[in-house]
Protein chains: 2
Amino acid sequence: MAETARHSETRYGNRPTMKDVAARAGVGLKTVSRVVNSEPGVTPDTERRVQEAIEALGFRRNDSARVLRKGRTASIGLVLEDLADPFYGPLSRAVEEVARAHGALLINGSSAEDPEREQELVLALCARRVDGLIVIPAGDDHRYLEPEIKAGVATVFVDRPAGRIDADMVLSDSFGGAREGVAHLIAHGHRRIGFIGDQPRIHTATERLRGYHAAMADAGMRVEDSWVSLASTDPDRVRAATEQMLAGPEPVTAVFAGNNRVTVTVVRVLAEQERRIALVGFDDIELADLLGITVISQDAAAVGRTAAEHLFRRLDGADHAPARVELPTTLIARGSGELPPA
Amino acid sequence: MAETARHSETRYGNRPTMKDVAARAGVGLKTVSRVVNSEPGVTPDTERRVQEAIEALGFRRNDSARVLRKGRTASIGLVLEDLADPFYGPLSRAVEEVARAHGALLINGSSAEDPEREQELVLALCARRVDGLIVIPAGDDHRYLEPEIKAGVATVFVDRPAGRIDADMVLSDSFGGAREGVAHLIAHGHRRIGFIGDQPRIHTATERLRGYHAAMADAGMRVEDSWVSLASTDPDRVRAATEQMLAGPEPVTAVFAGNNRVTVTVVRVLAEQERRIALVGFDDIELADLLGITVISQDAAAVGRTAAEHLFRRLDGADHAPARVELPTTLIARGSGELPPA
DNA sequence: TAGGCCCTGGACAACGTTGTCAGCTGAATG
DNA sequence: CATTCAGCTGACAACGTTGTCCAGGGCCTA
């Protein structure tokens, strides 16, 4: 007896199937399926017997098999850069809420800003046959997605545009936001303004830099090379870049920070300075109101919601040409951006 | 021709299968399978032909079918309270990293602190046959998970204990942490200390309250009912509770905040006060160093990592009795907790 | 050169579910 | 009383993959 028991336990996850339920309830397989899916055409009495059998066996429908049969998985994939980044929390959550409203689950992963890892993740999600994908691109070539999209995987790119492929996108107005932020500093009297951003291969970083240059040019102001840092968001490098800008014979009197992570580090560095340096950051930050940090705010939740709604509209059959939505940003003045030149 | 095209497009996701690849490469079905899975026993020449066919057709293995056949999905479910909460970002990320190291994907969802929604989510994940589950419980009765666990779904509860069921858990030392934090305030001369926490049905909230009472009792100090608020983390209610404690004839001189969301609101309220009120918060917060907020820090990433590693050890066959791991907390003094009574 | 062995490739069943279709029962109608 | 019809129910195939098993061919050895 131990033998038979061990033998049957060998197989992992020896879960009851509809067949088992049918046998126990003394009905046909298809009748169980009908009950499980609340399809019409089952006598209350039969239904009760089936329900009891389900209860007794602890049966739970195997969605893998169901998916195989039905074609749709009722799940969407979300590939972002770093789940731990506070910017992506609200975005994920917004996507999740929309997915939930459509009865879909969310599978997500972080690319860690690595194009290869992005592709690996995306393809793994495609292999699972997610119905749709929301991708915050790490790489700049997404041709590998062409067969997938052609095969019916609805795809929306978020925050940064897709590379070498025509697809739906939902972006924030990085250029306009940065331009407004820098113009704000100029309006408060600054002439020497530093820009600390992310690596130029990241589209938003480039756009924000472009906004910086545009604002400076609009005001007829020159830009020194030493005022611009495009190293990365690594705290040590941001710190070094900031300190360097503040050190020379003609130090900057204001800094524009290219994203939330940069802002955080810059705030730390500025707090150590004697002079009061003006600061505007891209992306809002928790508690920024208490710290009096002026920011260009993009609504991460709105971005996520918009992208997800777009995705489900596609899944519901919308087949217009790929659209590019650009959401506006808002300048929130809290003090740090209104400081005069030191 | 438009007709035939439309006709073939009617079926959604008309993707090529191994059969199609086999036909095109002029080999058998199983040979394609071998190539796709890098199994031995295929001539280089045959392999090349198959690879070409795969390329040409844009074939991608259907993991749903694979799962059905193999039994394991190589995915784990993570049910937390709110993806947007900064506490859960690093936790999710840590879980994801461990999952990735084990070749598994992460499916996650937010319970929004609603027990029904938690159950709904968990069962949906079980229906997808995730190999394992990491759950931050919203409810206090998890007997519904018994058949699943028995069927082989490895389950680890995190941050709060499971209800009415014997399972693995990874917790932070809420009691000890709160006790230490309150003792810290007492050591700095405070006698009237407020406690603002989450609803008592949430286990960590109760534990932290218990820690508060313990610290007060240790010091032989009384506790007024009006010093304790267990409303919720809703900013308006926290604000009201804080203001009330600061208003009476015998206002508190220090506040212990029960979690990160409470802390954030309390900080805002205290910033508006004329008197300097001491504060210690449970959970660290970004930029808390700049704001000088003293906190009891729990390492969310460590919690997530520990839980995930535990989970995979189970999946690899560990079958010891359910374990309960409790991770220590750290007090980080930054100023707000060291203020003397006003 | 014959015998046997290894290596490669393919036919077939099975995983658990759902869609199709046909059979059966009992009631209503002419 | 015969006939039709509706409402239940179940047998069977199919979804796309992998595991098992067997066949055929080339190569080595005696």
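Since the structure is predicted, the reported quantities are computational estimates derived from the model, not experimental observations.

Before going further, it helps to examine the domain arrangement of chain A. Residue and element names in this part refer to chain A. Taken domain by domain, chain A comprises domain 1 (2-61), domain 2 (73-172 + 300-328) and domain 3 (174-298). Here the C-alpha centre of domain 3 lies 29 Å away from the C-alpha centre of domain 2. On the side of domain 3, nine residues touch domain 2, which itself brings eleven residues to the contact. Between domain 2 and domain 3, the buried area comes to about 1,000 Å², and carbon and sulfur atoms account for 41% of it. With a shortest N-O distance of 3.2 Å, E81 and R261 are connected by a salt bridge. At the junction of domain 2 with domain 3, the criterion picks out seven residue pairs in polar contact (both at pLDDT 80 or more).

The subject of this paragraph is the protein's contact with DNA strand C. Around DNA strand C, a shell composed of 26 residues is seen, among which M18(A), R69(A), G28(B), T43(B) and T46(B) lie nearest. Within 4 Å of the protein, the contacting atoms of DNA strand C are drawn from sugar and phosphate to the extent of 62%. With respect to DNA strand C, the side chain of R69(B) contributes an N or O atom lying 3.3 Å from a base nitrogen. Elements with a contribution of two residues or more to the surface near DNA strand C: α3 (29-36) and α5 (63-70) of chain A together with α3 (29-36) and α5 (63-70) of chain B. Top contributing element to the surface near DNA strand C by residue count: α5(A), with five residues. Here the surface near DNA strand C is built from residues that sort into eight nonpolar, nine polar and nine charged.

One finds L91(A), I134(A), V158(A), L91(B), I134(B) and V158(B) to be the most contacted residues of the largest nonpolar core, which totals 54 residues. Among the secondary structure elements, those contributing two or more residues to this core are β1 (75-80), α6 (88-101), β4 (154-158) and α14 (300-315) of chain A together with β1 (75-80), α6 (88-101), β4 (154-158) and α14 (300-315) of chain B. With residues near it in sequence (within four places) discarded, V158(A) still touches L91(A), I134(A), V135(A), I136(A), P137(A), V170(A), L171(A), V303(A) and A307(A). V79(A), L133(A), M169(A) and L171(A) belong to the second largest nonpolar core, which has 40 residues in total.

What follows is about empty space enclosed by the protein. Taken as a whole, this structure holds three cavities of 30 Å³ or more when the rule is applied. S64(A), R128(A), S64(B), T73(B) and R128(B) are the residues nearest the centre of the largest cavity, which is lined by 14 residues in total. Of all elements in the fold, only α5 of chain A together with α5 of chain B reach the threshold of two or more residues within the lining of the largest cavity. A class-by-class count of the residues in the lining of the largest cavity yields four nonpolar, six polar and four charged.

This part is about the UniProt feature "domain: HTH lacI-type" (unreviewed entry) in chain A. In the numbering adopted here, UniProt assigns the feature "domain: HTH lacI-type" (unreviewed entry) to residues 16-70 of chain A. Secondary structure content for residues 16-70 of chain A is 69% helix and 0% strand, and the end C-alpha separation is 21 Å.

Many authors give the size of an interface as the accessible area that is lost as the parts come together. If you look at the interface, chain B gives 63 residues, while chain A gives 63 residues. Taken over both partners, the interface formed by chain B and chain A buries close to 5,600 Å², and the fraction arising from carbon and sulfur atoms is 53%. Taken together, chain B and chain A are joined by 16 salt bridges. Across the salt bridge formed by D63(B) and R128(A), the nearest N and O atoms sit 3.9 Å from each other. Counting residues per element, the ones that place at least two in the side of chain B that touches chain A are α5, α6, β2 (105-110), α7 (115-127), α8 (146-150), α12 (260-272) and α13 (288-291) of chain B. Residues belonging to the side of chain B that touches chain A are distributed by class as follows: 29 nonpolar, 14 polar and 20 charged.

Reading guide: rules and limits
- Residues numbered from 1 in each chain as written.
- Chains lettered and ligands numbered in written order.
- Predicted model: local features only at pLDDT ≥ 70, side-chain atom pairs only at ≥ 80, totals over all residues.
- Heavy atoms only, no water.
- Domains from an automatic or database assignment.
- Contact = heavy atoms within 4.5 Å.
- Buried area = accessible area lost by both parts, 1.4 Å probe.
- Salt bridge = Lys/Arg side-chain N within 4 Å of Asp/Glu carboxyl O.
- Polar contact = N/O pair within 3.5 Å; in protein donor to acceptor, adjacent residues only side chain to side chain.
- Near = heavy atom within 4 Å.
- Helix = DSSP H or I, 4+ residues; strand = E, 2+ residues; numbered from the N terminus.
- Nonpolar A, V, L, I, M, F, W, Y, C, P; charged D, E, K, R; others polar.
- Core = buried A, V, L, I, M, F, W, Y, C linked by side-chain atoms within 4.5 Å.
- Buried < 20%, exposed > 50% of the residue type's maximum accessible area, 1.4 Å probe, protein only.
- 1 Å grid on protein atoms, 1.4 Å probe; cavity = no way out; pocket = protein on both sides within 12 Å on 5 of 7 lines; lining within 4 Å.
- Points joined across faces, edges and corners; volume = space filled by probe spheres on them.
- UniProt positions renumbered as here; feature names shortened; annotations may be inferred.

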